[in-house]
Amino acid sequence: MGPHHILLDCGLRDISPLLKSSQGCIADLVICSHAHADHVRGLLALHESCPELPIYASDVTSQLLPINWPEELSSGQMPKFCQSLPLRTEVRLKEGLSITLFPAGHLPGATCMLLKYNAPNRTYKLFYTGDFFLSNSRLVEGLPLGELRGLKPDVLILEGSYGTARYPHRRQLENQLAERIYRAIASGYSVLIPTPALGLGQELLMLLRSHHYFTGRDIDIWVDGQVQTGCDIYLELLPHFPANIQNFAQHQPLFWDERIKPRVRRLSPELLPELEQSPCIVIVDDETDIEQYLRYRPRLWTLFLSETPGHTREISTLVNSGEILLESYFLAEHCDGPGTTQLIHNLRPQHVIFVHGSPIYLADLTNLDELRNRYQLHYPAAGAQVPLPIGETFLQPTLPETHYQGELTESATELNITLPNALSVDPRWSTFADTGIVEARWQGEELVLRGISQREFLSSQSDRTMPSDLDCCGNCQYYRSGRCWNPVSALYGFKVTPEGYCPVFEPLAPRDQ
């Protein structure tokens, strides 16, 4: 912006390509949106390579950052390289350059940010979301949409993790997960849940402590690995949490409590044999070797793996061998399609750059008519430079209208409309003819034809009622939103038709023998 080069987050595992491409001068400053590893894991190496480079984040994020480098943290060699910025306050960073941070939801301390550069003739504005979530979760209040309404940035850079998919409300997803965990415990299974060190692990602990399925139950909830460290840091940040969480903490401990049931306990190597006792719940960080817990027999295990739309994950060899029951679950931590478009319409930018999502999901967003007709949309590949022509106003260029003459023939059973091949030259034809299926409807005195896309076709197929005794994807417990979410299936993450079938089919509910 102007003469200033700004780096937004740095989640690279290896920053050497970044150092090489920038010839040692990466940026004038770095701004960190939140403390998840995929946004910050390269910051320590960046600081060591460029110790004079200023790195900024919110106060809570700067205190959460060290968990991403556990060796340095445990040895006491963790440098304090991040400078804290206040929320909702415009701060001058460089000559003519300022920043305002806003809460982004998603994780404690997570922020979205408005950057302004005052040029001689006008002020340029860029808005960056990082990861954001409009809804409230157990420990984080959602992004305050009303505070951002009408900012009209020239450029909006935002995540598209969930693409255009629509998901149920977070509380509904939590209730479904709590019920499934409770069923596993009631059936005599212990439950193992690998999660990120920050965010989901602590959210699950609060869910299990407060949900009616578990309140007062004689159950041990063990916490191990970096999730333990994350809980301890959260306790130090309690004044920054929502008022209801602070009130909860006044009456009982937020996490560690061996008196009130269910008990929340720290797991250590010498306590691992206790996992062979009554069914329990174990929450560990997803970077650890989960087989060290699964080896404890004869306890039966159910492994709960979180679904990440657009991504797959490796499964334990014990699971692949069929010795462990496997279940997947989904707790929304990012905005779905409607939430993403809602933020865009409230901000009203000229350019929208989609990042942080699978290419298919980002392409889905850029193909939404409600966005294409209002904004200039981009989803660039890594390393691509994006030209952003900025003007006072933006009008979407209209495509030239061309009329095509055709013929209509009528028989006793059907109508045939014949159109010239010249239609297929138009770039819009590939979308229109995607499936070869069209929909016709009257619009006043005119008959309008509309092509049916694959997404719409599969969605309509999923609405069909399938016979409950039929072994097919539509009756499988891993079939959601038109996709297969069974990690052991070859179709995991892919669009599937409800009539389909694969060898690892599992019915929605037990059937009468």
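Read on for a plain summary of the structure. Keep in mind it's a predicted model, so treat the numbers as computed, not measured.

A few points about the nonpolar core
- Core analysis: the biggest nonpolar cluster contains 95 residues, and L43, I181 and I281 have the highest contact counts within it.
- Ignoring anything within four residues of it in the chain, the contact list for L43 reads C10, V30, C32, I55, L65, W69 and F81.

Comments concerning the sheet that holds strand 10 (residues 189-195)
- If you walk across this open sheet you meet the six strands as 12-11-13-10-14-15, and the pairing is parallel. Taken across any chain shown, the strands that pair with only one partner, and hence form the sheet edges, are strand 12 (263-266) and strand 15 (325-329). On average, each strand axis in the sheet is inclined to that of its neighbour by 25°, with strand direction left out of account.
- Across four bridges, the pairing between strand 10 and strand 14 (residues 300-306) is parallel. Each residue of the ladder has a partner; that of L192, found in strand 14, is L303.

Things to note about the packing of aromatic side chains
- Scanning the entire structure with this criterion turns up 13 aromatic pairs.
- Consider the rings of Y162 and Y167, whose centres lie 5.4 Å apart with planes at 75°: the pair is edge-to-face.
- In this structure Y162 comes out as buried when scored by relative accessible area, which is 6%.
- Residue classification places Y167 among the buried residues on the basis of a relative accessible area of 15%.
- By the ring-pair criterion, three or more aromatic residues cluster together here, those being Y162, Y167 and F330.
- The side chain of R122 reaches across the aromatic face of Y124, ending 4.5 Å from its centre.

A few points about the environment of F132
- With respect to the helices and strands, F132 occurs in the loop between strand 8 (123-128) and helix 6 (145-148).
- Given a relative accessible area of 0%, F132 falls into the buried group.
- Taking the C-alpha atoms as reference points, F132 and G160, 28 residues apart in sequence, are found 9.9 Å from one another.

Describing the pattern of salt bridges
- Inspection of the entire model under this criterion finds 19 salt bridges.
- When the shortest N-O distance is used, the salt bridge between R92 and E95 registers 2.8 Å. Here R92 and E95 have matching classes, each one exposed.
- Residues D154 and R122 are paired through a salt bridge, measuring 2.7 Å at the closest nitrogen-oxygen approach. Residue D154 is found in the loop between helix 6 and strand 9 (155-159), and its partner R122 is found in the loop between strand 7 (111-118) and strand 8; the two are separated by 32 residues along the sequence. R122 carries the same exposure label as D154, and that label is buried.

What about the packing of helix 7 (residues 170-186) against helix 8 (residues 200-210)?
- Interhelical geometry of helix 7 versus helix 8 gives an angle of 70° and a closest axis separation of 11 Å. Our classification of the angle between helix 7 and helix 8 gives roughly perpendicular. Here the hand of the crossing between helix 7 and helix 8 comes out right-handed. Counting all contacts with helix 7, which are made through R170, E174, L177 and I181, the residues of helix 8 involved are E203, L204, L207 and L208.
- Residues that form the contact of helix 7 with helix 8 fall into these classes: five nonpolar, no polar and three charged.

Cut-off values and rules
- Residues numbered from 1 in each chain as written.
- Predicted model: local features only at pLDDT ≥ 70, side-chain atom pairs only at ≥ 80, totals over all residues.
- Heavy atoms only, no water.
- Core = buried A, V, L, I, M, F, W, Y, C linked by side-chain atoms within 4.5 Å.
- Buried < 20%, exposed > 50% of the residue type's maximum accessible area, 1.4 Å probe, protein only.
- Contact = heavy atoms within 4.5 Å.
- Pairing = 2+ DSSP bridges.
- Helix = DSSP H or I, 4+ residues; strand = E, 2+ residues; numbered from the N terminus.
- Axes fitted to C-alpha atoms, helices over the stretch in contact; angles between N-to-C directions.
- Phe/Tyr/Trp six-rings, centres within 6.5 Å; stacked < 30°, edge-to-face > 60°.
- Lys NZ or Arg CZ within 6 Å of the ring centre and 35° of its normal.
- Salt bridge = Lys/Arg side-chain N within 4 Å of Asp/Glu carboxyl O.
- Parallel < 35°, antiparallel > 145°, perpendicular 65-115°, else oblique.
- Left-handed = near helix turned anticlockwise from the far one by under 90°.
- Nonpolar A, V, L, I, M, F, W, Y, C, P; charged D, E, K, R; others polar.

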